[in-house]
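This is what each chain is made of:
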Amino acid sequence: MSIPLLAFELTETNRDWLIHRPLAIVSYIVVAIVLRFVLHRLIDRMTKPRERSGKPRRSFLAPLQERAERAIGDPYARERRIQRAQTIGSVFKSGVSVVVLAWVVLQTLDTLGFNVAPFIASAGIAGVALGFGAQNLVRDFISGMFMLLEDQYGVGDVVDLGDAVGTVESVGLRVTTVRDIDGTLWFCRNGEILRVGNMSQGHAVSVVDVPIAPTSNVDRACQIALRAVLDGVEREDIAPDVLEKPELLGVNSVTAGAVTLRLTVRVRAGKQWAIRRSLTRAVLEAFDQHGIESPNLAVAAPATG
C-alpha cells in the first residue's frame, strides 16, 4: 500500500509542473499567435490604399492620401503612396511582433516561477541607456516616420535636401539615398535633413529666359518670343504636360551686354526642365528667323566709323 500511495503523492506534487504550467505556457503562446495575426491583418487593412472604383476606403494614411488627391489617377503617384503604406505597415507590424514576443516571454518566466520585476527594471534601465547612447538613431527613425506620414518625397522625386540635390532612389526610416546629376549616390540620414525642396509634386513652372542684344526692338522681340512659346506648347510631345497657357513676364534684367526676356508656363511636376530646353530652343530659332540679334553677335560686331 505504501508504493501506490507514494506514486500518487508524487503525481499530485508534480501536477502543477507537468500539467498546469505547461498548459498555461501553451495558452499564452496560442493567444500571442492569434493576437499577432489579428493585429497584422488589421494593420494591413488600415494601410491598404483606397481602390480606384467604388466607395473610397478611409485608411490610416489619410493625410498622405488627401495630399495626393489631385494625382489620384497618376500611376507614379499611386505607386509612391503604395510604397509609403507598405513601409509604414511593416514598421507597425514589426513593433507589434516585438511587443507580443516580450509579453509571451515575461508571462512564461512568471509561470515558471521567476521574478520578472528585475527583468522589467533592467529593460527600463537598458532602454534609457540605449536612448542616451543612440539619440541620433532614434532621431533618424522619428524623422523617417514623419517624412513617410507627411509624404514629403518618394522614390523617383527630384529633391533638394540641402547638401544633396538629385533623384531619390530609396526611402527608408533611417537613410534616404539620392543620386545627383553627376551620378554620385548620396546617403542622407533622415534626422539630419532640415529642409526638403520637392520638385516633383503637384505642378512646376518652366521658366524660359532668353537674352537679346540691347539694340534690339524689345517689343517686337517679346511678341516673337511669346508666339514661339505658344506654338511650342502645342507640339504633341509637350502639350500633354502643359497645364496653363504660357505667360510673358517681359524684361527680367538689363545689363550692358544683354536684355533678358522671361516667359513662364505651368507644367506637370518633373517636366519643367525638358520643356524649358525645348521652348528656349524654339525662341532662339524664332529670333534667328526674324533677325533678332543675340548679345554675342552684338558684341562681336565690328565698330563702324
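No experiment lies behind these values; they were computed from the predicted model shown. (Residues numbered from 1 in each chain as written. Predicted model: local features only at pLDDT ≥ 70, side-chain atom pairs only at ≥ 80, totals over all residues. Heavy atoms only, no water.)

An order of β4-β3-β2-β1-β5 is seen for the five strands of this open sheet, with the pairing classed as antiparallel. Sheet topology places β4 (185-189) and β5 (197-198) at the edges, where each strand pairs with a single neighbour. Bridging between strand β3 (residues 175-179) and β4 involves five bridges; their strand directions are antiparallel. When the bridges of β4 are listed, V175 appears paired with R189. Across the sheet, helix α5 (residues 135-150) touches β2 (165-171), β3 and β4, and the angle it forms with β4 is around 100°. (Pairing = 2+ DSSP bridges. Helix = DSSP H or I, 4+ residues; strand = E, 2+ residues; numbered from the N terminus. Contact = heavy atoms within 4.5 Å. Axes fitted to C-alpha atoms, helices over the stretch in contact; angles between N-to-C directions.)

What follows concerns the side chain of D140. With respect to the helices and strands, D140 occurs in helix α5. The class of D140 is buried, set by a relative accessible area of 1%. Non-local contacts of D140, meaning those with residues more than four positions away in its chain, are made with L173, R174, R189, N190, G191 and E192. (Buried < 20%, exposed > 50% of the residue type's maximum accessible area, 1.4 Å probe, protein only.)

Below, the discussion takes up the packing of aromatic side chains. Under the defined criterion, the tally for this structure stands at one aromatic pair. When the centroid spacing of 5.7 Å and the interplanar angle of 80° are considered together, the rings of Y28 and W103 count as edge-to-face. Of this pair, Y28 sits in helix α1 (residues 2-46) while W103 sits in helix α3 (residues 75-111), and the two are 75 residues apart along the sequence. Note on W103: relative accessible area 33%, which makes it partly exposed. (Phe/Tyr/Trp six-rings, centres within 6.5 Å; stacked < 30°, edge-to-face > 60°.)

Further remarks concern helix α7 (residues 272-290). For α7, built from 19 residues, the straight-helix expectation of 27 Å at 1.5 Å per residue is met to within 8% by its first-to-last C-alpha distance of 27 Å. Where α7 terminates, the next one or two residues include G291, which has phi positive at roughly 75°. (Expected span 1.5 Å × (residues − 1).)

Confidence in the prediction for the protein averages 80 pLDDT; 79% of positions are at 70 or higher. In the model, residues 53-57 has pLDDT below 50 throughout and makes six contacts with residues more than four positions away in sequence or in other chains. Long-range and interchain partners of residues 67-72, a stretch whose pLDDT sits below 50, account for ten contacts in this model, where long-range means more than four residues apart. (pLDDT = per-residue confidence, 0-100.)

This next bit is on the pattern of salt bridges. As enumerated under the stated definition, the model contains twelve salt bridges in all. One salt bridge connects E192 with R189, and the closest N-O pair in it is separated by 3.6 Å. Residue R189 is classed as partly exposed on the basis of its relative accessible area, which comes to 30%. For D237, the salt bridge goes to R235, with nearest N and O atoms at 2.8 Å. Via salt bridges that share partners, R139, D140, R189 and E192 belong to a single interconnected network. (Salt bridge = Lys/Arg side-chain N within 4 Å of Asp/Glu carboxyl O.)

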